[in-house]
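Examining the three-dimensional arrangement
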Amino acid sequence: MKLFDHIKAYFLNIYEAVATISMGMWITFKTAFFERKVTLQYPSHDIIEGKPKDASITTQGNLNPPFEALLGASQQNYKGPLNTQLPERYRGLLGYDEPSCISCLLCALNCPIDVIRVKGVKIEGRKGKAPTTFRIDYSKCMFCGLCVEVCPTDAVFFTRQFEGATFDYRTLIREFISPELSLERMQLAEEAKKHAEKEKKKREDKETPEVGD
Amino acid sequence: MPLATETMVLNMGPHHPSTHGVLRFILRTDGELIHMCRPDIGYLHRGLEKIAEQVPYAHFMPYTDRLDYLAAMNCNLGYAITIERAAEIEVPPRAEYIRVLVAELNRIISHLISVGTFAMDMGAVTPFTHTLREREWVNDLFEELCGARLTYNYIRFGGVAFDLPEGFLDRLSRFLDYFEPRLEQYNRFISKNKIFKERLVGVAVISPEEALDYRLVGPNLRASGIDWDLRRDEPYSVYGDLAFDVPVGVSEIGELGDCYSRYWIRILEMEQSVRILRQCMEKMPEGPYWNRSKKKLKVEPGEFYVRTEAPRGELGFYLISKGGIKPHRLKIMTGSFSAMSIVEKVGSGLMVADLVALIASLDVVAPEVDR
Amino acid sequence: MENLVNELFTKFRLFQQIGYVPTAAVVMLACALVVLNFFGLMSGFYTFLERKVAGWTNSRRGPNRVGPYGLVQFMADGVKLILKEDIIPAAADRNIFKFAPYLLLLGTALSFVVIPFGPKWIISDLNIGVLYLLATGSFTVVGLILAGWASNNKWALLGGMRSAAQIVSYEIPNALAILVVVLATGTMSMQGIIRAQAGGLHHWFLFSSPFSFLAFFIYFVSAIAEINRVPFDIPEAESELVAGYNIEYSAMRFGAFFAAEFGNIYVISAVAVTCFLGGWQLPLPVEVDELGPIGDTLGHFLGRSDVLMILLLAALPATFLAWKALRAFVWDVRRKRTFFGSRFVRFHSELLILGLIFAGGGLTLALHLPLRSHLPTIYRLIFEYIVPFLVFFTKAMLISFVVLWWRWTLPRLRVDQLMGVCWKYLIPLGFFCLVGQGFWMWLWS
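Computed from a prediction, not measured in an experiment: that's the story for all the values here.

Here we take up the overall build of chain B. When you go through chain B residue by residue, the secondary structure sums to 15 helices and 8 strands. Relative to the compact-globule value of 21 Å for 371 residues, chain B shows a C-alpha radius of gyration of 21 Å, a close match.

Following this line, the structure appears as structure tokens:
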């Protein structure tokens, strides 16, 4: 009886191997010939805009099938977020909107790795402080989004740009405020400061004789 | 007369296709047989615990993404719960459900990677790309949710960073409808494959006692037959309100605690995660998603230990606070680290090919080992 | 080949003047050139096909950038491999290290000598053809062990040792399965085996008896093991031994290993087709000698002017395609695109191929007019040489596709299990088939 069991196990082994291998082969065959490919052909496809870069690609029709092609007919309404386009909340390279910045330093303080450096001066006709330095070191940024989250005026925001590769890391340290503008603002601030001091002195001068009396 | 053979020392790693990151195993082998196997860790040490002492509490959140990059949401969650307990921050119910939702979704994709790389380590490349194909979809969903595909930095103290976008739950449900048959397909494709089973059944058996002795956690522990899951036994967040089973290894195929049961547990857990996700979607309450405090976060002096169930098992944060805005000490306990300790015990006596199966079955992620 | 030499020697004065031995040498060199080029082309094509199959099974696209459908990708890879630096480790045994890949290549190239391309196309129809093939197949193991040993790397050594154990073991079921066929035909010559399968599908050894049916699968499995492909790729087992025996190789020496591996796929497919799938026999009850007369008749039929006119009219769609292709071409020229970056090549590749087919067809049909009197001869030659080759090649491609398909479906076995499959399953079954085939023949005789 034991011998018979062994013989049975022997042939069951062969059967199981053949059955499961053919099952696996059927699945790969199905994937190879009856399912749509999921490749997004990135350089030929503009992910930010969500359309092919070369108009002639569309003539092929099946270059960038969305995931819905994988689904059955009942579930064809799925609009894949990335399959053709980046989503709204995408965290790309950091962007900076200079006019709305108030140099409150919240972004710089909230950055875990000190990627952002901000300096600002007080000048006339601008809410808060006017930035004279706004520097982002993209080589260190880890796209955590803490700076964007705390910015009260949405001056720091995520762009949907992600192609930041470069041959020289120094190009990744980006100054958003030109030296000229920075200098101009500093001069303005200096003048304003001098002006204020002068005013103060004048006032003090005016006030002193009165005290003297 | 026995044939005199010489043993040789074989360096498996730090750069090796199946060490899942930068791990090194020093093997003393007799041909293919391993006499001694010693894991040598530390190649990916980034000093996360030290960094935690340097930065304010909120700034450490992005670093937890890097703790276990395959399950960033779960690491976020564990850290957030630790600080919330320490600083006594209330979390709105919607945020709790969103947290469980993203954590379970992340568990699915983490296990997908585990299953896929397991198959790849056994020599089958196609299952890996198939699992990645599904994972890509979840990554798309996460990207829509928080803008990132891998290091999410999504969970905040007192809630989550963003509310669910319009129509997110519909898309998620569509993914789940797509995913369940696919899971079935993996079973037909790889789990039941004779060669795959031959390679795993009865290999590197870890008995329940050994598993407890070496502090195995998570799926690896449950595969050895110990019924322990923090989501059920010490419910945190809203896991207490959700109905789900904890899959525990039974020697259905092969032996209890062998590589195959560790693999199989992960497949079963994915099914349970789908179940949890469906419940979350049903019960998702309306309301605020973030109880955001304007004050600077400060933790009263004291010691706190919070553990959560991450895909690789228990993830514990031990926080010592002496007041102020930074922790005095933050110790992180991870599943992969304790899984590495048992490799030396179980690894000797195996063949080189089996060692690959053992490492893959323990689902070790190198950055989580070294932190 | 001997026939060819004799024929040339007797027919042409030139060859008589230079003597018999030089004639034979010239013919041999020419044959070697043809075979080596065919071998190189086939291995290149297989690298392309493998990556395409890999892409398809993985829900990807596979190579599609270089040339139409990525067909020229293998040339780009070859050029890359040739241009790369050839690194020889300092601790390696230099001479053996350099020599090993060529030994492997030699083994594969030698196999091509007895592989038939058609009833009259074979380099040398040895009367021990099958035995010769088994012998050249074993060349591989020497190359692999030498490569593993000379690299002076522990992974390479393990790979070499594994390959030795594997290939030596799998020689046995391989030979046993072929022996079933040899038993049935009573000859070892490749052409002889094919001729024995004449007369339609049910005469092929795959279908002629249950034992040779089983033998086909034994042969297939053990041949895959012989050429180290998944699920038996343990000598190079990527996730275990990193790259196995070829871990230290780079540049074209590495390329040589792969050329041999992919060339071997054609060899085993060709042998499987020869021994079990009727070789160049059509799956119809048509004798190969009848093909010539069929061509003859067809040539006579096509030579009739009314038939020719109708055919030429049918070629009209070609003009439309040519017009579209021309427009795409003009588009490129205006924008000064490079060849591979051009719209013509990249986006109208199917048009290009169809256009080529149609244009070729049209040209051929046009050639029918001046060649009307020679048509029967031409068609006779085509039916005698080209058609059998195409039949053989198609069958071989089908088998190769299954080989590649396996590669992308199955996990890899462990060393001991690999041996188990051989000694516990394939060899007993092989003997069973051998005995069974004898019994079967006795039953029907």
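Next comes the rest of the description.
Of regular secondary structure, chain A possesses 4 helices and 7 strands. Mapped in sequence order, the helices and strands of chain A form the string α-β-β-β-α-β-β-α-β-β-α. Classification of the 213 residues of chain A by burial places 21% in the buried group. A separation of at least 24 residues holds for 65% of the contacts in chain A among residues at least 6 apart in sequence.

At the interface, 26 residues of chain B touch 22 residues of chain C. Going through the elements one at a time, β1 (8-12), α4 (93-121), α5 (126-146), α7 (194-200) and α14 (352-362) of chain B are the ones with two or more residues in the side of chain B that touches chain C. Class assignment of the residues belonging to the side of chain B that touches chain C gives a composition of 14 nonpolar, 7 polar and 5 charged.

Okay, the interface of chain B and chain A next. Put simply, an interface is often sized by how much accessible area is lost when its parts join up. Counting residues at the interface gives 26 residues for chain B and 29 residues for chain A. Listing elements by their share of the side of chain B that touches chain A, those giving two or more residues are α5 and α6 (168-191) of chain B. Per-element accounting of the side of chain B that touches chain A gives the leading share, 8 residues, to α5(B).

Looking now at the sheet that holds strand β6 (residues 302-310) of chain B. Residue and element names in this part refer to chain B. Read from one edge of the open sheet, 3 strands run β6-β7-β8, paired in antiparallel fashion. Each edge of the sheet is formed by a strand with only one pairing partner; in this case those strands are β6 and β8 (329-333). The sheet shows a mean angle of 15 degrees between the axes of neighbouring strands, direction not considered. As paired strands, strand β7 (residues 313-321) and β8 are joined by 5 bridges and run antiparallel to one another. Among the inter-strand pairings, isoleucine 320 is bridged to a residue of β8, identified as arginine 329. In the packing of helix α3 (residues 72-87) onto the sheet, contacts are made with β6 and β7, and the angle to β6 comes to roughly 150 degrees.

B:Ala357, B:Leu358, C:Tyr219 and C:Ala272 are the most contacted members of the largest nonpolar core, which has 212 residues in total. At 16 residues, helix α12 (residues 251-276) of chain C tops the list of elements feeding residues into this core. Excluding its chain neighbours within four sequence positions, the residues that come into contact with B:Ala357 are B:Asp121, B:Met122, B:Arg199, B:Leu200, B:Val203, B:Ala204 and B:Cys259. Counting 17 residues, the second largest nonpolar core, distinct from the first, contains A:Tyr96, A:Cys101, A:Ile116 and A:Val118.

Quick look at the packing of helix α5 (residues 94-111) of chain C against α12(C) now. All names here are of chain C. With their axes 9 Å apart at the nearest point, α5 and α12 run at an angle of 20 degrees to one another. As far as their axial angle goes, α12 and α5 are roughly parallel. Where α5 crosses over α12, the two elements pack in a sense that is left-handed. Contacts from Pro101, Tyr102, Leu104, Leu105, Thr108 and Ser111 of α5 reach α12 at Arg253, Ala256, Phe257, Ala259, Ala260, Gly263, Asn264 and Val267. Partitioned by chemical class, the residues of the contact of α5 with α12 number 9 nonpolar, 4 polar and 1 charged.

The next subject is unusual backbone geometry. Even without glycine at this site, B:Arg215 takes up a positive phi of about 55 degrees. Tracing the backbone shows B:Arg215 in the loop between α8 (208-213) and α9 (218-223). Phi at C:Val242 takes a positive value of approximately 65 degrees, unusual for a residue other than glycine. Mapped onto the secondary structure, C:Val242 falls in the loop between α11 (238-241) and α12.

What follows covers helix α13 (residues 291-302) of chain C. All names here are of chain C. Along its 12 residues, α13 runs 16 Å from first to last C-alpha, staying within 8% of the 16 Å computed at 1.5 Å per residue. Of the positions making up α13, those classed as buried are Leu291, Gly295 and Gly299. All buried residues of α13 fall inside an arc of 80 degrees around its axis, so they share one side. Opposite the packed face of α13, turned more than 90 degrees from it, sit the exposed residues His300 and Phe301.

Attention shifts here to the sheet that holds strand β5 (residues 130-137) of chain A. Residue and element names in this part refer to chain A. Spatial ordering of the open sheet is given by β4-β5-β7, a layout of 3 strands whose pairing is antiparallel. Only two strands of the sheet have a single neighbouring strand rather than two, namely β4 (116-121) and β7 (173-175). Shown here is a sheet whose adjacent strand axes are inclined to one another by a mean of 10 degrees, direction ignored. As judged from the 3 bridges shared by β5 and β7, these two strands associate in the antiparallel manner. Following the sheet pairing, arginine 135 is matched in β7 by glutamate 175.

All names here are of chain B. Between its first and last C-alpha, α4 extends 42 Å over 29 residues, near the 42 Å set by a 1.5 Å rise per residue. Across the 29 residues of α4, 26 count as buried, placing the element largely inside the fold. After α4 finishes, the residue glycine 123 shows a positive phi value of roughly 105 degrees.

Moving on, we get to the packing of α5(C) against helix α6 (residues 129-150) of chain C. All names here are of chain C. Closest axis-to-axis distance for the α5/α6 pair is 8 Å, and the angle between their directions is 165 degrees. If you check the angle between α5 and α6, you find them roughly antiparallel. The handedness of the crossing between α5 and α6 is left-handed. Residues Ile96, Phe97, Phe99, Ala100, Pro101, Leu103, Leu104, Leu106, Gly107, Leu110 and Ser111 of α5 pack against Leu133, Thr136, Gly137, Phe139, Thr140, Val142, Gly143, Leu144, Leu146, Ala147 and Ala150 of α6. For the contact of α5 with α6, the residue count by class is 16 nonpolar, 6 polar and no charged.

Our focus in this paragraph is the confidence of the model for chain B. Do not read the predicted coordinates in detail wherever pLDDT is low. In the predicted model, chain B carries a mean pLDDT of 86, and 99% of its residues have values of at least 70. Confidence, expressed as mean pLDDT per element, reaches its minimum in chain B at helix α15 (residues 366-370) of chain B with 84 and its maximum at α4(B) with 90.

With that settled, the discussion passes to the environment of B:Pro56. Residues and elements named next belong to chain B. Mapping proline 56 onto the fold places it in the loop between α1 (48-54) and α2 (61-65). Judged by local crowding, proline 56 falls into the partly exposed class, with 16 C-beta atoms found within 10 Å. On a C-alpha basis, the gap between proline 56 and leucine 23 in space is 31 Å, while along the polypeptide they are 33 residues apart. The residues touching proline 56, leaving out its near neighbours within four places in the chain, are Ile325 and Lys326.

Before going further, it helps to spend a moment on the environment of C:Asn3. Residue and element names in this part refer to chain C. Residue position: asparagine 3 is located in helix α1 (residues 2-11). Take asparagine 3: there are 9 C-beta atoms within 10 Å of it, and that puts it in the exposed class. Sequence separation between asparagine 3 and tyrosine 69 is 66 residues, and the spatial gap between their C-alpha atoms is 41 Å.

Residues and elements named next belong to chain C. Relative to the elements of secondary structure, serine 208 occurs in helix α9 (residues 205-208). Each C-alpha atom of the pair serine 208 and arginine 13 lies 49 Å from the other, and the pair is 195 residues apart in sequence. When near neighbours in sequence (up to four residues on either side) are disregarded, serine 208 contacts His202 and His203.

Right, let's talk about the pairing of strand β3 (residues 33-40) of chain B for a bit. Residues and elements named next belong to chain B. Examined bridge by bridge, strand β2 (residues 24-30) and β3 share 7 bridges and lie antiparallel to one another. Following the sheet pairing, aspartate 30 is matched in β3 by leucine 33. The antiparallel pairing of β2 with β3 creates a hairpin that spans 2 residues between the two strands, and glycine 31 there sits at a positive phi of about 65 degrees.

Thresholds, definitions, all that
- Residues numbered from 1 in each chain as written.
- Chains lettered and ligands numbered in written order.
- Predicted model: local features only at pLDDT ≥ 70, side-chain atom pairs only at ≥ 80, totals over all residues.
- Helix = DSSP H or I, 4+ residues; strand = E, 2+ residues; numbered from the N terminus.
- Rg over C-alpha atoms; globule rule 2.2 N^0.38 Å.
- Buried ≥ 20, exposed ≤ 12 C-beta atoms within 10 Å, placed from the backbone.
- Contact = placed C-beta atoms within 7 Å.
- Nonpolar A, V, L, I, M, F, W, Y, C, P; charged D, E, K, R; others polar.
- Pairing = 2+ DSSP bridges.
- Axes fitted to C-alpha atoms, helices over the stretch in contact; angles between N-to-C directions.
- Core = buried A, V, L, I, M, F, W, Y, C linked by C-beta atoms within 7 Å.
- Parallel < 35°, antiparallel > 145°, perpendicular 65-115°, else oblique.
- Left-handed = near helix turned anticlockwise from the far one by under 90°.
- Expected span 1.5 Å × (residues − 1).
- Arc of directions from axis to C-beta.
- pLDDT = per-residue confidence, 0-100.

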